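Here are the chains, one letter per residue:
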Amino acid sequence: QVQLVESGGGLVQAGGSLELSCAASGSIFSIHAMGWYRQAPGKQRELVATITSGGSTNYDDSVKGRFTISRDNANNSAYLRMSSLKPEDTAVYYCNAYVYSAVGSWDNYWGQGTQVTVSS
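Cut-offs applied
- Residues numbered from 1 in each chain as written.
- Predicted model: local features only at pLDDT ≥ 70, side-chain atom pairs only at ≥ 80, totals over all residues.
- Heavy atoms only, no water.
- Helix = DSSP H or I, 4+ residues; strand = E, 2+ residues; numbered from the N terminus.
- Rg over C-alpha atoms; globule rule 2.2 N^0.38 Å.
- Buried < 20%, exposed > 50% of the residue type's maximum accessible area, 1.4 Å probe, protein only.
- Contact = heavy atoms within 4.5 Å.
- Lys, Arg positive; Asp, Glu negative; His and termini not counted.
- Charge placed at Lys NZ, Arg CZ, Asp CG, Glu CD.
- Salt bridge = Lys/Arg side-chain N within 4 Å of Asp/Glu carboxyl O.
- Disulfide = S-S within 2.5 Å.
- Phe/Tyr/Trp six-rings, centres within 6.5 Å; stacked < 30°, edge-to-face > 60°.
- Lys NZ or Arg CZ within 6 Å of the ring centre and 35° of its normal.

Undergrad: Explain the overall build of the chain here, please?
TA: Each helix and strand counted, the chain has zero helices and 11 strands in total. Going residue by residue from the N terminus, the α and β elements of the chain occur as β-β-β-β-β-β-β-β-β-β-β. Relative to a compact globule of 120 residues, whose C-alpha radius of gyration would be 14 Å, the chain shows 14 Å and is just as compact. Taking the principal axes of the C-alpha coordinates as reference, the chain spans close to 45 × 25 × 20 Å. Counting only residues that meet the buried cut, the chain has 38% of its 120 residues in that class. Counting only contacts in the chain whose residues sit at least 6 apart along the sequence, the fraction spanning at least 24 positions is 55%. Separation between the mean location of the 8 positive side-chain charges and that of the 9 negative ones in the chain comes to 4 Å.

Undergrad: Looking at this structure, how should I read the pattern of salt bridges?
TA: As a working rule, side chains carrying opposite charge can pair if their charged atoms are close by. Taken as a whole and assessed by the stated rule, the structure comprises four salt bridges. Here Glu 46 ties to Arg 38 by a salt bridge, and the two come within 2.8 Å at their closest N and O atoms. On the basis of relative accessibility, which here comes to 6%, the residue Arg 38 falls in the buried class. Between Asp 61 and Lys 64 there is a salt bridge, with the nearest N and O atoms lying 3.0 Å from each other. Where salt bridges share partners, they join Arg 38, Glu 46, Arg 66 and Asp 89 into one cluster.

Undergrad: In this structure, what is going on with the state of the cysteines? I would like to understand it.
TA: A disulfide bridge is the covalent bond that connects two cysteines by way of their sulfur atoms. This structure, assessed with the given rule, holds one disulfide. Each sulfur of the disulfide joining Cys 22 and Cys 95 lies 2.0 Å from the other. Because the torsion about its S-S bond is -80 degrees, the bridge between Cys 22 and Cys 95 counts as left-handed. One end of the pair, Cys 22, is in strand β3 (residues 18-26); the other, Cys 95, is in strand β9 (residues 91-101), with 73 residues separating them in the sequence.

Undergrad: Which parts of the structure should I look at to understand the packing of aromatic side chains?
TA: The description of an aromatic ring pair rests on the distance of the ring centres and on the angle between the ring planes. One pass over the structure, following the stated rule, counts four aromatic pairs. Where Tyr 98 meets Trp 106, the ring centres are 5.3 Å apart and the plane angle is 25 degrees; that geometry is what we call stacked. Using a relative accessible area of 37% as the deciding quantity, one classes Trp 106 as partly exposed. By way of ring pairs, the aromatic residues Phe 29, Tyr 98, Tyr 100 and Trp 106 are connected into one cluster. Looking at Arg 45, its charged tip hangs above the ring of Tyr 94, at a distance of 3.7 Å from the centre. Its end group placed over the ring of Trp 110, Arg 45 keeps NZ or CZ at 4.6 Å from the ring centre.

Undergrad: What is the right way to look at unusual backbone geometry in this model?
TA: What you tend to see is this: most non-glycine residues have negative phi, and most peptide bonds are trans. Despite not being glycine, Asn 76 has its phi angle at roughly 50 degrees, a positive value. Locating Asn 76 in the fold gives a position in the loop between β7 (67-72) and β8 (77-82). Since its relative accessible area comes to 24%, Asn 76 is described here as partly exposed. Positioned with a positive phi, Ser 84 is a non-glycine residue whose angle comes to about 50 degrees.

Everything listed here is a matter of geometry and, on its own, says nothing about what the molecule does.
Laid out in structure tokens, this is it:
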């Protein structure tokens, strides 16, 4: 069993900053990619950023230059530093990880989500 737990969401004014954290735990043998996705009310879940175990990153165009994803492989954790936040960044942010676990296969896991609200 693998669990992902996010933290760090909250309410911030436009132009402000927040950092999200994601900790993976359980019977983990290896994690390939970790990522952050978000879902705003009435919209589909969308990719924000991903990072591989080797440190390669990918960002949605809407957050490039404002958000930074990082990772601590030793602690199975990922982070999302968000700066210059805009009201349109308001959403529930979900952590995702592609994990090889004691189940004996590679599987996608999701956290429960953390709310980020940016006021104008």
